[in-house]
Structures are given as structure tokens and as C-alpha cells.
Amino acid sequence: NVLTKEIFRDYEDYFRRSILCNSLIWSCEYTGRGNLTLSEALQSEADAAEHLTKMPVVLQQGICFIIHKIEVPSLTAFVEEVLAFYRTRFVVGEQVEISPNGKRATKGQMVLSRR
């Protein structure tokens, strides 16, 4: 099988495995999306992993902090907690855009101010 890199000794086993791989029974481990073929599930996982590598380290650190501090019953609840946390907070080192008094947006970085 090209997708699973398996070698079969008889056609019947190969055919059964092909039917299984093309059935809509697979899901993405990272996103929870279901009703996918094996190929679609593997692609979804690769896409999700790529998005994770693009996430800034300062945000990853905050998410790790949240994981350590809260208990939630589901992935959806966890995502809601993360969004609520970042809606009201900034992280030192986080890249931001500001528009003072409705003027053109300017890029910046959060820093720790000691007054």
C-alpha cells in the first residue's frame, strides 16, 4: 500500500486494507476533525503540526502555563480558556499592532516596563 508503506502477500489483504484506508472512519489527532479518509487525516495532522511550528514561542509558553493551571473537560473548553486568557492579556515579547487614535497601524513588541 503506497500510503501505509505495507507489503502484502495476497491481493485480498491488500484490497481489505485499501478499503479501510479509504473509509471515512479516520480523524485528525490534533484538530479532532472526523469522517476523513486515512490520507485526509494524515494531511490534516501535517497541516496542524505546521501551524504549531509557526506559533510564536512566547504564545506557546503562555499556553503551557494555562495547561498547567486549569482542568477542562474538552478541547473546545480549553480553546475557549486560551482565547479568554489572551483577549485580556499580553505577553512580554509578543508581536503586536497598535493604532493610536485610529491612525495607521504600527507594529511593535510588548516589553516589561518597570516604573
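Residues numbered from 1 in each chain as written. Predicted model: local features only at pLDDT ≥ 70, side-chain atom pairs only at ≥ 80, totals over all residues. Heavy atoms only, no water.

Novice: Honestly, the pattern of salt bridges in this entry has me stumped. Any pointers?
Specialist: Oppositely charged side chains can pair when the atoms bearing their charge come close. Scanning all chains against the criterion turns up 4 salt bridges. Its salt-bridge partner being Glu-6, residue Arg-17 comes within 3.2 Å of it at the nearest N-O pair. Highlighted residues: Arg-17 in helix α1 (residues 11–21) and Glu-6 in the segment before α1, separated in sequence by 11 residues. Under the relative-accessibility criterion, Glu-6 is labelled partly exposed at 27%. We note a salt bridge from Arg-16 to Glu-12, for which the minimum N-O separation is 2.8 Å. With Arg-16 and Glu-12 both in helix α1 and 4 residues apart, the pair spans about one turn of that helix. (Salt bridge = Lys/Arg side-chain N within 4 Å of Asp/Glu carboxyl O. Helix = DSSP H or I, 4+ residues; strand = E, 2+ residues; numbered from the N terminus. Buried < 20%, exposed > 50% of the residue type's maximum accessible area, 1.4 Å probe, protein only.)

Novice: Could you clarify how one ought to interpret the side chain of Glu-94 in this entry?
Specialist: Within the secondary structure layout, Glu-94 lies in the loop between α4 (75–87) and β1 (95–98). Of the side chains with opposite charge, Arg-89 lies nearest to the buried Glu-94, which makes no salt bridge, at 10 Å. In contact with Glu-94, not counting residues within four places along its chain, are Val-58, Leu-59, Arg-89, Gly-108, Gln-109 and Met-110. (Lys, Arg positive; Asp, Glu negative; His and termini not counted. Contact = heavy atoms within 4.5 Å.)

Novice: Would you explain the nonpolar core in this entry?
Specialist: Generally speaking, a soluble globular protein has its nonpolar side chains buried in company with each other. Counting residues in hydrophobic clusters, the biggest one holds 8 residues: Val-58, Ile-63, Ile-66, Phe-78, Val-82, Phe-85, Tyr-86 and Val-91. Elements supplying a minimum of two residues to this core: α3 (57–69) and α4. Ranked by the residues each element gives to this core, the list is headed by α4, at 4 residues. Look past the residues within four positions of Ile-66 in its chain and what remains in contact with it is Phe-78, Val-82 and Phe-85. (Core = buried A, V, L, I, M, F, W, Y, C linked by side-chain atoms within 4.5 Å.)

Novice: Help me out: how do you make sense of the packing of α3 against α4 in this one?
Specialist: In a packed pair of helices, the relevant descriptors are the angle between the two axes and the axis-to-axis distance. Running from N to C, α3 and α4 point in directions that differ by 120°, and their axes come no closer than 11 Å. With respect to α4, the element α3 is oriented oblique. When the axes of α3 and α4 are compared, the crossing they make is right-handed. Contacts from Val-58, Leu-59, Gly-62, Ile-63, Ile-66 and Ile-67 of α3 reach α4 at Phe-78, Val-82, Phe-85 and Tyr-86. (Axes fitted to C-alpha atoms, helices over the stretch in contact; angles between N-to-C directions. Parallel < 35°, antiparallel > 145°, perpendicular 65-115°, else oblique. Left-handed = near helix turned anticlockwise from the far one by under 90°.)

Honestly, that's just the spatial picture; any functional story needs more than this.
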